[in-house]
Structure formats: C-alpha cells, structure tokens
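The primary structure of each chain is shown beneath.
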Amino acid sequence: MQTLTQYLSELHGLVTKHTSYSDPKALVADISNYVLHEVSEDEQALCSSLLLAGSYEFSLPRFIERTVMMQDKAFVDAKNESLSLFDAYIKRLGPRISDYAPLLRNLLVNTFRKEQSNRIQAATFKPLQRLLNLKLQSMDANTFGVRDLTELYLREFIVGKTSSTARACMLETLGLFALHFPSAMMDKAMSLATIYLETLNAQFKSNKPDMQLIAASLKGVTSLVVHFDGTFLTINKGLGNLYSCVCLGLEPPPSLARYDIPKAALRLVIQHGPLIREYLTEDSEKMYSRITGWCKHKTNKKMRDLGFNCLEVFLTQVANELVVGNRNVEHDSTTFRFFMKNFFEMLAAPTSGVHEISIAIRGFGRFAAPVQKLLGTAELKKMLHALFTFAQRMDTSGQDQIEDTILHLASLISAFANILLEMPEVDESAIDHLATVLASFFLIYPHLHIHQRDKYYVAISRLMIALYAKGTALRTLLSRTLFQALTLTCSKYPSLDPGENYVQVFDQPLYKEYSEMWSHLLQPRSIGDLEFPTELRDSIASMVYAELMQSIITMVTRLDLGYKVVKVAAPADSATAAATAQASTNQNPQQGGDDLLDDPATTVVPNVPKDFDLFLNLVEFCKILLPTTCTSFFTKWVYIFGREVIARSSMFPMVSGLYKMLTVAMKLCESERYFAGISSSSSSSQQIQSSSSSLTSSSTSSSTSSSTISASSSDVVMMQLDDGAGDNMTLCFHLFSRFIKEVIQRSQQYKDELLASCIQLVLSTPKEFVSISQLVAPLRSALRMGLSYLPLAHIALDAVEYWIQNIQRTKVAPYFRDFLPFLNDYLMVTPSSMQGADSFGQNVVFKTGGSRSLLNRQRLYKAVNVKTNEKNPIQEVQSRIIRLLGKIGGNNIFLIGEVNLMAPGVENEISWDSEPRVKFTVPFHDVKSEIYLDSLLPNIVSLAQDSNERQTKVAACELLHSIVLFMVGTNAHQPAPTPYTNIYKHIFPALLRLATDVDQVTRQLFSPLVMQLIHWFSSSGKHEGEDTMALLEAAIDATGDSESPSLRAFGAKALAEFLSWSIRHQKTSSSSSSSSSSSSTSSSLNAKSLFKRLYSLSSHPQAYLRLGAALAFSELYRVVREHDALVEMFVLEIMHHNIASLRLIGDDEDNIGIGEKISSVLLGLSRVIIRKPALVTKPSKSRREHPDLAHFVTWLFESNVGRHEARCRTDAMVMFSCLAPLVAPGSSSKDWVHAKIQKDGLKSVTSIFESDFSLRDMPELTSSSLDDLTFWFTKLSTALDCYIWALEEHYITIAALNSKDAGSVLITAIQKFVVDLAIITKDHSIFDDHTPSEIERVQRCKCSVIRNLFALLNLVLSGKVGHPNSPAVAHVRASLLSAPFFKLLVMCTVSPRSIGFPTDIVAATKKTQTSSSSQSSQSSSSSSS
C-alpha cells in the first residue's frame, strides 16, 4: 500500500503546489489503475480504508472536497476521473462497499450541490446509481435520504439551470428511487408519472428533441411502473400516451447515431408487456413490424438481441390475448392468421435469412397455445413436425454451420418446450427428435460465447418442465442424451483437417467448459411465465442427477483401464520413451503393478490410451462438479458409486484416478455428515453380508471385458437405488472402512503420484473410519511430499484442522510430536525460491495513457518485471501453518522436534573421520593452497538431500558429484584400504538416496554415478575390502528401506549390478593365467559376501527388510541363471533361505507383496534347475545348505509341505512336484514318494502331513484356550490341504486314511470338528472376553477347515482318487457323511455368514484356488518340458 499512499499524498500536494507542469488527472488515472488492477483481494480492505476513509487526510473524497470550488480545467478533469473511479470501484467491491456507502452518498450529494461545473454535477449520478442498484441492507430510505434527494432533484429539474445531461440523470435516478424505495415514494409517484409523460410528449413534439431526456424518461417510467403500474391507469389516457411514446421510441429518425431511445423503449416493453398487452394486440401488425425491424438490424448486435427479447414478450402477450378471447372473434382470427401465415412463409421461403428464420421459430413456439385452441392438437403436431424437419437440416460439421445452429438452436428448444406444454402426451418419435436436438446442443456448447449460454439454460429448463408432466418422457430423454454429453465432457477438442473452415482447436480437455453446463442442468432456471415451484425444481434436479451418476458409473465400468508394464531405455520425453519402450511379457495388471514398484526404469502404459484419457478427464470433472452442485443428492448414491469404484480399484490398483474419485465421495460424505454417529459395532450380520455379496457381485461383473457390458447395467443400478441400497449407511460404512484399511497397506509400496492419491484418500476419510494413530504415517508422507507438490500439503493441513475441530483435543494431542516437526520445513522456505523452481506469479501488464508525468513513466519502467501482488502458493501454506500453530496453543513446541545428534539429518554435527582426508590443492599463480573438504562434506550432503531451495540443492548435488569423482580418482591406484573408508560409509547411503530423489536433475546426476561406483569397487581383489563392503552395505540398507519404494527398487537393481560386474571383472582378468585363480576367488567371495547379507535380511523380523531381500533376489536371479558356476554353488541355498523367509510372513505383512515376490523368485529358480539339472544333482562340499538336489527335495518334502503357513506350504508343494523328477532321471514325483513309503513306511508321510501333532487331543471350549483352539484349527486345515494335494497327485491312496499302519487320526479329528466345533458362532460364551479381531481370527481358521473339508469330500466322491463303490471310499463316506455334516452343509449354503464366512474370504479363496491351479499348471508344463 506504500504506492497508493504515495500517489494520494502527491495528489493532495498538487492542491497547494499547483504548477503548469503537473497533471492531476494523470495521477488519478494512476491511482485508478493501481486500485482496480494491482491490489489483491487480501489487500482490498486496507486499500479501501486509504482510498475512501474520511478520517484519512489524503483520501480521495478529501481531495474532491478540497477542490470542489476549483474550476481549473486540470482539476475539473481530475474530479471527473475521480468520480469515474468511484463508479468502477463500487462495481468491483459490490456489497463490500457498504461501510463506505454513507460517506460516498454524502460526498456525491454535496458535490452536486456545491459544484459549479455541469460536467461534474452530471458525473455524480453514475456512482450514486451504482450504490442504489447494489440494494445494500444498511442503506434504507431514511439512511439514504430518499425523500430529501427526491425534493432536491425535482426542484432542480423544474426550476434549476442544470444541463440537459444532468436533468436526464435526475429523471433516471428518481426512477431508481421509486424502484428500490417504493414506500418512500408513494406520494411522489403521480408527480413522477406526470413529469415523465409530459417530458416525453413535449420532446417528441419538439422540432429539436432532447434525446437524453427522452431516453431518461423511458428508463424512469420503466423503473416507476414496477411498483406503481396503477398510477398510469388513473391518469387520463395515461397508458395510451405511454404506448404512443413507446411506438415513437421504436421508430427513431434514420439520422439517429445512438440507440439509447429505442433501447429504453424495447426494455420497457420487455419488462411491462402485460401492462400494455391490449394495445400490443390491437396494434399487433404495426408493432410486429417495428420490433422485427430491430431484430433484423444489420450493424448493432446488442440491438438485435434486445429486439428478439422484446419479440418474445410481444408474441407471448398477443398469444395470451388470443387464448383469453377478450376481443371480437373475427379480430382474433385475423390476427392469428396474419402471424401464422407470416411464420410459415418465413420458415419455408428459400430467401429467408437467419433472422427471419429465428423470428418464425420463436413465433411457432409462442403461438402454440392459440394453435391448440383454434385449430386443435392435430395442427399442433403438424407444426411440431415442421420444426423437427427444420432441425434435421442443421449441421455442426463446420464453422459456418455451427454459427447458424447457434443462432437457432435455443429458439428451437424453447419452441419445442412451448408446443409440448400444450400437447396431452409425447410420442416416442418426438423424444428421438428431441434427443438429436439436445445432442447438437451438447456438441456446440464449447463454441458458445459466455453471454449466449444463458438463453440455452432457460430453454432447456423450459423443456424439462414441459416433459416432466408427460409421464416418463423426461427420464427417457435424459437416459438417451446424458451419457453422450458426459462422453463429450470428458473428450478433447476434435482435430479436423487444417483446410476446413473451423474454429481454432486446442489439445486440451473440455470438462472445464462443460462443468458450467452441468451445473445449470442440475439447477434448472426459474422461468417467469411458467410456474416452477421448489418441489418441481428439486424433483427435476434429482432426476438429472440420477442420470448423471448413472452415466458416470457406466463410463467407469465400460472403460478399459487395463495397463501393461514397459521398460524405458532412458529418462527421455514421453515420445522417446514410448518409441524405445520394450513391453513386458506379463500383462496382468496387478502383477504389473509390482514390477512397476520394483524397478525405477519401468512404467505402466495403458492398453487403450483413449479410454485412459476419457477416464482421467472424468476424474477431474467429478472433482469440479460433484463437491459443488446438489451435494445432498449424492447420499443416495454413496453405496452404488463406492461399490463400483472400489471394484475397479481392486482390479486395477495402480490407477490413481480411482482413488481420487473415492476421495471426492469421502469429502461429500463428510460435508453431508453422512456417517455421523455410525460405528463399526452398529451393523448387523445380515447387512454386512448383503454389502459384501454386492461387492463381490460387482467385482465379478466388472471383471468381464468392456465389450460384454450391456446397456442394461443402468437398469440394474436404478433398481438397486430404488430398493434403498443407497440409503443404507451401514453397508457403505463397512464397504469403505475395509477398503480404506487396504489402501493404507497398499500405499506403503506406492510412490509418486499414485502414493499422493492414496494419501489424499486416506486423509479425507471422516473420523468414523480409522483412528488417528493409523493416519499419522500417511500424514507424515503427505507433509514430506508436499514440499514438492503443494496441493498435498493443503490436504494434510485440512486433515489436521479437521481432527482439531471434530475430535477431542486429548485424543489428538499425543500425536502432535509425530507430525508437527515436518511443518518447520515449510516455514523455512522463501517465496522467491519457490517461484524460481515452480514459476509462480505472472508479469503485470500495464495500460498507459497519453498523458503521463516523468515520475509516472519512471514508475511504469520499474514495474515491467514486477510480479503480481497475489499471494504466492507457499505463502498460503505458511499462513495456514501459522494459524494452525496458534490453534493448538502450547503444543506447538513440538514444531522444533527432538534433538538427536545421532539421528539421520544431523550428520553435519558430527565429524566423519578423526583426521582430514579429502585434500584439494588449488594451484594459484604464486602459491599452491591446500584445502581440506572434510568439514564441508556433511553440510554439502545435507543440502543436497534436504535443501528446500532448488538452486541450492542443485549446486550442492553438482559439488558432491565432483567431490566423489575426485576422491575415487585420487585413490584409483592406491592399495586398499583407501583413507576414505569412513567417509564412504556416510557418502554412499546419501548417493543412493539422491539417485532416487524426486528432482529429475538429481536423479540424472547420481543414478549413473552409483552404477559407475559399483563397476569400479566390484573389481577389488581383496575379500570384503572395506571400501567395497561400504558400498555393498549401503545398497543392502537401501534395499531394506521401510519408507521409499523407489529406494528399495534402486537398491535391488544396484545389488544385481554389483554381482554382474563382479563376474565381468572375473572374465576380464581370466585372460591372464597368473591372475585367473585370484579373480575367480574374488568373484566368488564377492557373491558370498552379498548373499550372506541378503540371507540375514530375509530372516529379519521386520517386514520391509524381508521385502527388500525378496526384491534383491528377484533382480539377482536373472544374473545367477546366466552363469553355471553361480547356479551350481548358490541356487539351492537361495531357495532354502527364501522358503525360510516365507515362514515368517503374517497376514498383514503379505499385503505389501513379500509373498508374491518370493514366490516369483522360487518359480524362476525352479525353472533354472529344470533347464540345468546336471549342475545341482552331483554332491558338492562347497554348497553350504544342501550338498545336492536330492537333499534339497527331501528337505522340501519333510520340512515344508506340512508347514501351517499357507504360502510356504503351497510353494513347497509346487517346487516338489517340479524338482522331484530330476533327482532320478526318468522318474516322477509320485515315484519319489512311493520310494519313501517303501523305505520308511506310510506313517513317515502321514506324520509329515499331520506334523507329529495329535489331532485327537482337541482343546477344551473355554475362553482361556482360544489360542489353542486357533492353533488346532490351523493344524487340521493344514492336514486336510496336504491330503488333498497328495490324493490329487496320486502320492497316496484313499485307503491311507483308514490304514492302521499310517497312524492317521484325520477321520477322528474331522468327526469331532463337525460335531463339536463347526457350528459355534461368535455369540458362544468362549468369546465373551475377547476382542472382535481375535474372534474373527478364530472364525477364519474354522472356515478354512470347512473349506478344505468340502474340497476333500468333493475329491473323494467324484471318483478321481478311487472307485465310488470301493471299500475305502465307502468307509470315508460312512465316517463323514453324518447328520451333523449335512446340517453344516445346509447352513453353509443357506446362511454362510452365520457360520462365520464373510464374503470377502470366499472371494479370496477363489482367487487363491485360481492362483494355485495356475501355478500347478505352470509347474506341470515346466516339468514336462
């Protein structure tokens, strides 16, 4: 505001120091430019105070008061410019000017009274009229002084000597007084009406009429008649005289240069046509000619538009008079025939122009009621058919055709609506034609000017009102058109041939243009001549909203969101990357997602890019429209919308747009308080079952290809909505709560934009879903990523503010220490640094006038590169953080965080070595200076990793890159260890983190550097050289990182590169016979060092360290399989440790992908052994775990196929089936098992399956034995699974279950289970003291037993493992098919939820069975090959 203060001070200085060189008008123009174009919204209040406040000695009103008596031309121009500024400033501020309205009113009135210049007197009326039209609540008639001003202006008008311009302004202002303050003008209405009529009559009869007085009188009458229309009825021939004046106003002389008079006359007819309808009807032919003349005006478009609006009112009044029948029948018939003949001739004549056709279309629409009355429904249908025929001729293929369509389409839609209002019913063909017309509207909508759109909104609202009363006509029309409209909304501008005469097109989405259209469709306009009550408006809006939501859901389900994983050769632009991409052979979307997470050099490519473009635009459209329009209607669609989107997200978890759509749904639920008061305990079992079954059904239907989805899906959605599914909050709550917990687990392995979308969804959930403790980790990730993507920072702050406002402070306060330290980084950022990085701000464009002082030109010159005064985005975040810290009070001390000198990020406080090592000699001309860089390295590393200023970060990265190259180069030929070992231990981890930094420049610097360092240090001939091991340890630590998926993936890739180059160095050195042995030993020792560390990671209790080991092995096995020496030495022990790692996986940990990754490694290594069996069949003492393949197979069978960990057991079975035939060539896995049975007896196999655990000792049913019961269920399920596998592979026969030699107690255990345990529910007394999660765990284990039991019986009864009538099968059938079993079978069929089966476990079972059968088929094909 310093600039404004300086301007105002200089302006007041000119009052006392007036010189011939000064220009007060130019200075006021500078003030006007500044306050209207340069002041931001946040500074508006201060600006208003300086500019308008009477208490400020240099304000603009004070300047006018001080110069009111000065008649110098310069000051008169300055005052006129100031009054124009007041008018523009009032227009900009709107109702916010209310605090200064009394001051401005007094200033303007006093200026009018005291000012001697007629020009200034007239200029006072514009801002005064602007204040009146604002209708400020604080300015009533008394406050505004309406009566005093009325007396003043009437006196001045009658006896004053003011100019005609001022007199015209007085008449117009007096009319506004009557319009806005009718109670204060009751006694003046007659006087005003008389003055207006006398002025009009006098001026129209004058030889030199005053055009300003005529126009002002017509405007004044228009305002006066709003509340005082009866006044003209009391005046003798008042209405007749007024109508005569209107007719004269519509027939101006040809020499008239301005159109104020006809414009005022047209507006009078538009606003008060019903008042003069009798005159309009009697004089209809002449009035029609006058008005259509303005409709066909050749030069002035505004007059044409005003003429057409007047024509609509005129035709409406004439049509109403014809319907009422107040006149003679013959006269009505004559008038009717005149208009209808005129309309038909205009429409049919080939010479009719666009304006004539538009007049005819409007006439047909307005005369629908007279046609119905005078000619009947048949003629009305003929007229409708004629309009439909004309509509079919409209084309939208080129620019000229689009312009013609734009001129007529709104009138056509309105005409259709008027005709349909008079028809008793609407046939199917009419709906088809209307659908075509609306399709044309949707197509041309982006080409409409913003001022043209309003008439289309009114026309469509009229059409919807007309169809709403015609049964299902409106719903049918919407169902045929809105999906097409939504498709256009989510499309891009069409690309046409350059030679076509078409509007300029841009490659950008249309959803921003169409969002306004959808908002008006969902909020129909009120129409003056039609009754449109609120209930009708809400009903139509609800119908449109339902069709829109149905179209959104249909589009989400129809679009092909499948993708594949590709590898790009280099970080090039998208076109280059696409050209050099090599598609992965794995086309499964979910498996492809894992590959994306594991390798930074991979990305996902959509199968159908056009579908993805549509979907992404659909997501952005939903983000714009749904949270702002008709939000209360969304509550009916929460369940259906959420179910479909969640189902698609389960199919395509890597599509971030699905999470964004659910974020919109969560925000809408919160804004509508949809889940208020609900909790997880408020649901019934039947409701949860219904919800789960619906979700499963949706997932199944969504899994079909898009080509199989029929249009009937919309009917299914509507049926579900009508059944009340959308209103059941409990179903929605359980659906979303389970999915949100899955997303929290998923997000731990995502990165970049996908991670941001998941975090946004999680942080947008209402407080009823998850506890704050579960959201702290996503919140910290959001704040960490928000420094590079500020919208995510706003989302995080929204979440924190929501917690503080809606959750008890005592529940939130304990977590402040966990995330408040992350806010400190935002407060340390400077706006200039963010502008340099993200290009915030825009240059100001200044408009210069012809008169500028030297000082003004200097200011303008200095302002060329000045940024706008709008607040920088980072400043907005900082302001929010400061306000947040104020809200939380004393807890803001946690902003500083804990000080720990050993913690990551404060390494610069501790020396890296006991003595300086990195010496750099600067060769000056006269002296060589030695500089030690050791003390700088910690700060350089810290700035490179954590600096918030991008320029500083890039400079630190470049310096660190140079120092590392310098250190390696100076010690390239020195014997190990180098003096830099301790420094390397700190630098190497930082280099790996920088190689996966979010900044592209940083990645491009350090990703190649890390690989080059690996190439260099892997050549070390010393076993576990300190420098080499420092690099290896850094890569392994990166592989096990728990926070960054990209760092884990890069660490795994680095380890593979390390092993590959160790082997390459061995081959390079083997050319010299003297060093061959040494090189071979070096390579082997490097591999042993690497694998030894990975084995430690694979058995670590922390899940992410095991995930890192799995990622590393998935990269390493590709190197191992290419080298026979490595296969021979390490493949068996790698498989051994990976199987051991599978035993450690818990249910929750498996969600992050450890099991899938290890399984893929084991499958790949099994294929290597199948291809090269000779390398592992011979015993070798160099192998550390298993001397040969036979030992490994025996270990697989005896120690792993009976494990109670499901994934470990399944993978062991698959590998055994693949590898057992290789032990003895020509044999099979069946022969191996039979040989073992012959050697050790059948009991040696059954004891493995039953794990030497007596299933006969069933635990007691007490609450204290719940863990024992769970363990017993797990063992029984494992035994059933093993027997099913053994029977399917024909390793044993069904007789083994009954053989005394086998010692199996499976049949006895099953009988006890079926009788005593299978039907216990969660209401049993043993569950009274246990949490729901513990109960669920027991129920899941029990259901697993039931599932395996049914599978075993299905196998036995199908005859695949023995003849159904054999004694063994008969014995099993007699032992198990008892009454309790059939009761269990019926309950599982009829009411699985009562047994404990949630539907999601059924879906998981199907998925597991499909996966197992797929793996078995793969292993069988591999074995046969």
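As the structure is a prediction and not an experimental result, all values here were calculated from the model.

### Here we look at the overall build of the protein
Within the protein, the regular secondary structure consists of 68 helices and five strands. A fraction of 75% describes how many contacts in the protein between residues 6 or more apart in sequence connect residues 24 or more apart. Approximately 64,100 Å² of the protein is accessible, and the part contributed by carbon and sulfur atoms is 52%.

### Comments concerning unusual backbone geometry
For residues other than glycine, phi is negative in most cases, and the peptide bonds are mostly trans. Of note, the phi angle at R673 is positive, near 55 degrees, even though the residue is not glycine. Turning to its location among the elements, R673 is positioned in the loop between α34 (656–671) and α35 (685–702). A relative accessible area of 38% places R673 in the partly exposed class. Even without glycine at this site, H1290 takes up a positive phi of about 60 degrees. Its location among the elements puts H1290 in the loop between α62 (1266–1288) and α63 (1306–1317).

### Let's talk about the pattern of salt bridges
Summed over the entire model, instances satisfying the criterion amount to 39 salt bridges. D77 is paired through a salt bridge with R119; the nearest N and O atoms lie 2.7 Å apart. In this pair, D77 sits in helix α5 (residues 73–93) while R119 sits in helix α7 (residues 118–123), placing the two residues 42 residues apart along the sequence. Across the salt bridge formed by D999 and R950, the nearest N and O atoms sit 3.0 Å from each other. Separated by 49 residues along the polypeptide, D999 in the loop between α49 (981–995) and α50 (1000–1017) and R950 in helix α48 (residues 950–970) bring together distant segments of the chain. Several salt bridges share partner residues, and in doing so they unite E41, R92 and R96 into one network.

### A look at the pairing of strand β5 (residues 928–932)
Summarising the sheet, strand β4 (residues 919–923) and β5 pair through five bridges and their orientation is antiparallel. Note on β5: the bridge partner recorded for F920 is I931.

### Observations concerning the packing of aromatic side chains
Under the defined criterion, the tally for this structure stands at 57 aromatic pairs. Between the aromatic rings of F1091 and F1113, the centroid separation amounts to 6.4 Å while the plane-to-plane angle is 10 degrees, which identifies the pairing as stacked. Linking F1091 in helix α53 (residues 1073–1098) with F1113 in helix α54 (residues 1103–1120), this pair joins segments that are 22 residues apart in sequence. The same class applies to F1091 as to F1113, namely buried. Considering the side-chain rings of F1216 and W1232, the 5.2 Å spacing of their centres and the 80 degrees angle between planes classify their relative orientation as edge-to-face. One end of the pair, F1216, is in helix α59 (residues 1206–1223); the other, W1232, is in helix α60 (residues 1229–1240), and 16 residues separate them in sequence. On the basis of relative accessible area, F1216 is assigned to the buried category, the value being 0%. Residue classification places W1232 among the buried positions, given a relative accessible area of 16%. Taken together, the ring pairs in this structure connect Y288, F314, F336, F338, F339, F343, F344, F364 and F367 into an aromatic cluster. The ring of F483 has R558 sitting right over it, with the charged end atom 5.3 Å from the ring centre. Here the basic side chain of R1064 rests over the ring of W1061, its NZ or CZ set 4.2 Å away from the ring centre.

### Observations regarding the state of the cysteines
Working definition: the covalent bond between the sulfur atoms of two cysteines is a disulfide. Tallied over the entire structure, the rule returns zero disulfides. Distance from the sulfur of C669, which forms no disulfide, to the nearest cysteine sulfur (C732) is 7.1 Å. Judged by relative accessible area, which is 1%, C669 ranks as buried. Note on C1343: no disulfide assigned, nearest cysteine sulfur contributed by C1388 at a separation of 7.4 Å.

### Topic: helix α3 (residues 44–52)
All of the buried residues along α3 are Q44, C47, S48, L50, L51 and L52. The inward-facing, buried residues of α3 contact α1 (2–16), α2 (24–37), α4 (60–66), α5 and α6 (101–114).

### Some details on the packing of helix α8 (residues 125–134) against helix α11 (residues 164–180)
It is at 10 Å that the axes of α8 and α11 come closest, and there the two elements cross at 10 degrees. Taken together, the axes of α8 and α11 are roughly parallel relative to one another. Counted together, F125, L128, Q129, L132 and N133 of α8 and A166, C169, M170, E172, T173, L176, F177 and H180 of α11 form the full contact between these two elements. Classifying every residue of the contact of α8 with α11 gives eight nonpolar, four polar and one charged.

Parameters and conventions
- Residues numbered from 1 in each chain as written.
- Predicted model: local features only at pLDDT ≥ 70, side-chain atom pairs only at ≥ 80, totals over all residues.
- Heavy atoms only, no water.
- Helix = DSSP H or I, 4+ residues; strand = E, 2+ residues; numbered from the N terminus.
- Contact = heavy atoms within 4.5 Å.
- Areas by Shrake-Rupley, 256 points an atom, 1.4 Å probe, with all protein chains shown as cover.
- Buried < 20%, exposed > 50% of the residue type's maximum accessible area, 1.4 Å probe, protein only.
- Salt bridge = Lys/Arg side-chain N within 4 Å of Asp/Glu carboxyl O.
- Pairing = 2+ DSSP bridges.
- Phe/Tyr/Trp six-rings, centres within 6.5 Å; stacked < 30°, edge-to-face > 60°.
- Lys NZ or Arg CZ within 6 Å of the ring centre and 35° of its normal.
- Disulfide = S-S within 2.5 Å.
- Axes fitted to C-alpha atoms, helices over the stretch in contact; angles between N-to-C directions.
- Parallel < 35°, antiparallel > 145°, perpendicular 65-115°, else oblique.
- Nonpolar A, V, L, I, M, F, W, Y, C, P; charged D, E, K, R; others polar.

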